[in-house]
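Residues per chain, in single letters:
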Amino acid sequence: MAQDNQMSLVFRCAPELAPLLPPPIPAVQGLPDWFKAMPQKAFNAMTQEDEQTLKRCPPFIDAMTYGFLLPLVCDLHVDDGEFRWEFDVPPAAAGARSPIGFHDGSQAAGSPFFRDDRFIIKFRNYWTIEAPPGYSLLFTHPVNRPELPFTAVSGLVDCDRYCDTLVHFPVVWHDENFSGVLPKGTPVVQCMPVKRESWALRLDTLSDEQARRMQELTSAIGREQGIYRRQFRAGKR
């Protein structure tokens, strides 16, 4: 059941494409198999004790489950640097006919993304996305997903205003040895709502009281597990 104060992103596609496209999903529904298979505790050879793994780390999990995942629209076959796919876009549908495009590498000249012998791949998106007034969307690589053979280039888009056309997703294909099929539904980017506000940086030093509270909390965390999760973690869904 939706909460009364719950915000919404509106994803829209051409009616002809609705039966063909895998829909965007809440990121919490797209956790990878490796995360699901992770143990909650593992043996630490240094301490000779079982200790909690990343699966028990709320900030790690909250980052992976925040926002929405936009999926690859069809199977992508990769063999020796060649990309193939089968994706029949109905003639009447708006948007590109192919699920991927390319940027010449020169567009990334001077950046760490540049390779003089390869293109930058662009995953095409078929959904317009409308954010509430005052919100932008951070499109970034799916959080904590280094096993994917590509790395998405991050961008912040004012989708409360720029919502009547399509935002596409450039990526750097970093796994030169990848050969096989990147399956339909693979998360391409993670989309995170960000409220636009003006921020200033302020530097200060700890007061005696603040230093005391920091020491007490640090000591408590060392004695007892789950303090952050029980006392400080805020609801995000």
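In case you missed it, the structure is sitting above this.
Residues numbered from 1 in each chain as written. Predicted model: local features only at pLDDT ≥ 70, side-chain atom pairs only at ≥ 80, totals over all residues. Heavy atoms only, no water.

Student: Hey, could you run me through the environment of Q190 in this one?
Tutor: The residue Q190 is located in strand β16 (residues 187–195) in this model. Looking at Q190, the relative accessible area reads 1%, which means it is buried. Considered as a pair, Q190 and M64 are 126 residues apart in the sequence and their alpha carbons are 8.7 Å apart. Side-chain polar atoms of Q190 contact the backbone oxygen of A63, separated by 3.1 Å. (Helix = DSSP H or I, 4+ residues; strand = E, 2+ residues; numbered from the N terminus. Buried < 20%, exposed > 50% of the residue type's maximum accessible area, 1.4 Å probe, protein only. Polar contact = N/O pair within 3.5 Å; in protein donor to acceptor, adjacent residues only side chain to side chain.)

Student: I would appreciate a short explanation of the sheet that holds strand β13 (residues 155–157) in the present structure.
Tutor: Strand pairing in a sheet relies on backbone hydrogen bonds. The paired strands run either parallel or antiparallel. Strands sit in the order β2-β5-β16-β11-β13 across an open sheet of 5 strands; the sheet is antiparallel. The open sheet has two edge strands with one neighbour each: β2 (25–26) and β13. Strand direction decides the pairing type here: strand β11 (residues 135–140) and β13, joined by 3 bridges, are antiparallel. Residue pairing for β13: L137 is matched across the bridge by V157. (Pairing = 2+ DSSP bridges.)

Student: Where do I start with empty space enclosed by the protein in this structure?
Tutor: Evaluation of the coordinates by the stated rule reveals 2 cavities of 30 Å³ or more. In this structure, the largest cavity spans a volume of roughly 100 Å³. The wall of the largest cavity is formed by 14 residues, among which P71, L72, V73, R124 and N125 lie closest to the centre. Tallied by class, the residues present in the lining of the largest cavity amount to 12 nonpolar, 1 polar and 1 charged. Here the second largest cavity defines a volume of roughly 50 Å³. Taken together, A27, G30, L31, P32, M64, L69, P142, V143, R145 and Q190 make up the lining of the second largest cavity. A per-class count over the lining of the second largest cavity returns 7 nonpolar, 2 polar and 1 charged. (1 Å grid on protein atoms, 1.4 Å probe; cavity = no way out; pocket = protein on both sides within 12 Å on 5 of 7 lines; lining within 4 Å. Points joined across faces, edges and corners; volume = space filled by probe spheres on them. Nonpolar A, V, L, I, M, F, W, Y, C, P; charged D, E, K, R; others polar.)

Student: What should I look at first to understand unusual backbone geometry in this one?
Tutor: With the exception of glycine, the majority of residues adopt a negative phi angle, and the majority of peptide bonds are in the trans configuration. The backbone of Q48 sits at a positive phi, close to 60 degrees, despite the residue not being glycine. Structurally, Q48 can be placed in the loop between β3 (41–44) and β4 (49–52).

Student: Before we go on, may I ask you to explain the sheet that holds strand β14 (residues 169–173) in this structure?
Tutor: One open sheet accounts for 4 strands, arranged β8-β9-β14-β12; its pairing is antiparallel. Since the sheet does not close on itself, it has two edges, and those belong to β8 (100–103) and β12 (150–152), each with one partner. On average, each strand axis in the sheet is tilted by 35 degrees relative to the strand beside it, whichever way the strands run. Pairing analysis gives 3 bridges linking β12 to β14, with the strands arranged antiparallel. For T151, the partnering residue across the bridge sits in β14 and is V172. (Axes fitted to C-alpha atoms, helices over the stretch in contact; angles between N-to-C directions.)

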